[in-house]
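A look at the structure
Listed below are the residues making up each chain.
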Amino acid sequence: MERKWWHNSVVYQIYPLSFKDTSGNGIGDVNGIIEKLDYLKELGVDVLWLSPIYKTPLDDNGYDISDYYDIDPLFGTLEDAKRMLKEAHDRGIKIIMDLVLNHTSDEHVWFKKALDGDEYYKDFYVWRKGKDGNPPSDVQSIFSGSAWEYVEEMDEYFFHLFSKRQPDLNWENEVVRNELYKMINFWLDLGFDGFRLDVIDLIGKEVDNKIFSNGPKMHDYIQEMYRKCFEGRDVMTVGEMGGANIEMAKLVSDPERKEFSMLFQFEMIALDQVKGKSKWELKELDFDDLKNNIIKWQDGLSEVGWNSNFWNNHDQPRVLSRWGNTDPKYRELSAKVFAGVLHSLRGTPYVYQGEELGMTGYKFNDFSELKDVESLNMIEEFRGYGWSDEKILESIRVKGRDNSRTPMQWNDSNNGGFTNNEPWLLVNPNYKEINAESQVGNDNSVFTFYKKMIELRKKSEISDLLVYGKFENIPTNNKYLFVFQRKLDMQELTVVANFSNEYIKYDNEFISGNIIISNYDEEKITGNEVKPYQITIYLK
Ligand code: TEU
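The notes below deal with the structure included here. Everything numeric in this text was worked out from a predicted model, so none of it was measured.

What counts and what doesn't
- Position labels on residues start from 1 in each chain and follow its written sequence.
- Given that the model is predicted, a residue must reach a pLDDT of at least 70 before its local features are reported, and side-chain atom pairs must reach 80 or more before they are shown or counted; all residues, however, enter totals for whole chains, interfaces and linings.
- Calculated side-chain values reflect all of the structure's heavy atoms, with hydrogen atoms and water omitted.
- Any residue under 20% of the maximum accessible area for its type is buried, any over 50% is exposed, and the rest in between are partly exposed; the area is computed with a 1.4 Å probe on protein chains only.
- Counting from the N terminus, the helices are DSSP H or I runs at least four residues long and the strands are E runs at least two residues long.
- Note on pairing: DSSP must find at least two bridges between two strands before they are called paired.
- Axes here refer to lines fitted to C-alpha atoms; in helices the fit is confined to the stretch in contact. Angles between the N-to-C directions go from 0 to 180 degrees.
- Small angles under 35 degrees read as roughly parallel and large ones over 145 as roughly antiparallel, with 65 to 115 read as roughly perpendicular and the rest as oblique.
- The sense of a crossing depends on the near helix, which, turned anticlockwise from the far helix by less than a right angle, makes the crossing left-handed and, turned clockwise, makes it right-handed.
- Contact criterion: two residues are considered in contact whenever any of their non-hydrogen atoms come within 4.5 Å of each other.
- Residue type decides the class: Asp, Glu, Lys and Arg count as charged, Ala, Val, Leu, Ile, Met, Phe, Trp, Tyr, Cys and Pro as nonpolar, and the leftover types, Gly among them, as polar.
- When a carboxyl oxygen of Asp or Glu lies within 4 Å of a side-chain nitrogen of Lys or Arg, that pair is called a salt bridge.

Neither face of strand β1 (residues 11-14) is left uncovered, since the one carrying Val 11 and Gln 13 and the one carrying Tyr 12 and Ile 14 both have all their residues buried. Taken together, the three bridges between β1 and strand β13 (residues 348-352) define a ladder with parallel strand orientation. Bridging across to β13, Tyr 12 finds its partner in Val 351. Sheet analysis places β1 next to strand β2 (residues 47-50), joined by four bridges and oriented parallel. From the neighbouring strand, Val 11 faces β2, where its bridge partner is Val 47.

Given below as structure tokens:
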């Protein structure tokens, strides 16, 4: 397979709102990112993915863009962004931007003109007549309620799969597509290194046929985008494709087909919800399901295609609170298990801000602390289904998106050093114990473990093995024990990871090779058991 720089890169996701505030408005900003580049360099990551910083009324925290060509003043200026890129490049770090192409903000000039009755711009969006005073269909928005919003002056409804302030663009209109391609090229010409493409599997939708993700025209559009934007440029693209299965993943990430470098698929994150129901219907994770899902994807893309591996992002609860252990006795060990597995799988690893510190999710006390439009809308919807407020709050505490969006914990000063003002979303009070300052340079910290795992990926003797080696699962008789190997030529890497707080009987003896990293002291590792939340990696 042809080697690409993004195969052995580690990507770090920044959620700018919550990263570092330098202007004192309680919201993170571009200068804050610049200030922390040395920290990111120390961690060793190669690529930063920034969640959107374009002009936005912040209905969906920036995933509602009102001007694709400018930075929101809350975050800084275009000049700041150019400086950020230069400062990052000077440190050997690349930056990919977030592209939200399925919808705009209702404050985008295109939509405003459409509302003013301009036919040209009206066709930038998806409009239909109602049926006998009702919406055109019963399609529901992902953020609750009908996906159709009535506009009285036009006596028509526009379509929105997310909030009603995020009207869907009409991808069937070639003018729209060309406008978007022009904008993509603008950012590439500035020197940005690629993109994460938000809900890109929705662009081929056919609303009248109720086809949303993976619609018939999707691949044509993605290939057109490739030809008009990415061809001939050495960029990295990661398509967010929530509903992709392995076949779809191969199609979009097979280099021959000229679509994307890789994708995000969401099979794993649906494992702790009731099958076929919304994400709010909680179900405990069965670790066998988790392991089997990882194995399935590792095997599925072993010949063709390229996956992205992640435990966290800005839409998901923090994994430590979700599937790990936040008890102070185990928190760091457990965080290191996730780190070790993430960086040992085949595919590009993604670290979400704060994950490298073992940050945990905040258990919100009541609805008034919440900011996310999805959660706020959901409260009303589920009250309508007869759920009690306690039950709703419990679901939000487990699955709400604000959970992972609380600000970065830089040090033990006020607000974790994130801002010297009122933060836009509360800071997790555990910042006194969990923060960057206490971890950088500390040999045993979660930060240092991430740093070491990232270093391994770059070490010439083992880099190829970690990046391109074949994945092989080694079955165990305990669902919490995950053992797998990576193999390339004569080299062999064995990962032994215990996802539980139990001692597990396991015969380590057959594992050949030397320990290259572990979260337990080498002397304490014995031949016939695996300790609670132990991860040990052997190299032969
Ligand atoms: O998310 C897409 C997506 O899958 C959402 O449905 C989201 O994960 C949802 O919260 C799951 O319950 C992307 C962005 O990552 C997200 O932040 C945006 O809100 C969304 O698209 C709309 O742009």
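After that view, the rundown keeps rolling.
Let us now look at the packing of helix α8 (residues 246-253) against helix α9 (residues 287-300). Taken N-terminus to C-terminus, the directions of α8 and α9 make an angle of 40°; their axes are 10 Å apart at the nearest point. When the interaxial angle is binned, α8 and α9 end up oblique. Once α8 is placed against α9, the crossing between them reads as right-handed. Mapping the contact onto sequence places Ile 246, Ala 249 and Lys 250 in α8 and Lys 296, Trp 297 and Gly 300 in α9. Here the residues of the contact of α8 with α9 sort into three nonpolar, one polar and two charged.

Under the defined criterion, the tally for this structure stands at 45 salt bridges. Glu 374 is the salt-bridge partner of Arg 401, the closest N and O atoms lying 3.4 Å from each other. With a gap of 27 residues between them, Arg 401 in the loop between α13 (389-399) and α14 (446-458) and Glu 374 in helix α12 (residues 373-384) connect regions that are remote in the sequence. Of the residues examined, Glu 374 reaches a relative accessible area of 8% and is grouped as buried. Connected through shared salt-bridge partners, Asp 60, Lys 279, Asp 315, Asp 372, Glu 374, Arg 401 and Arg 405 make up one network.

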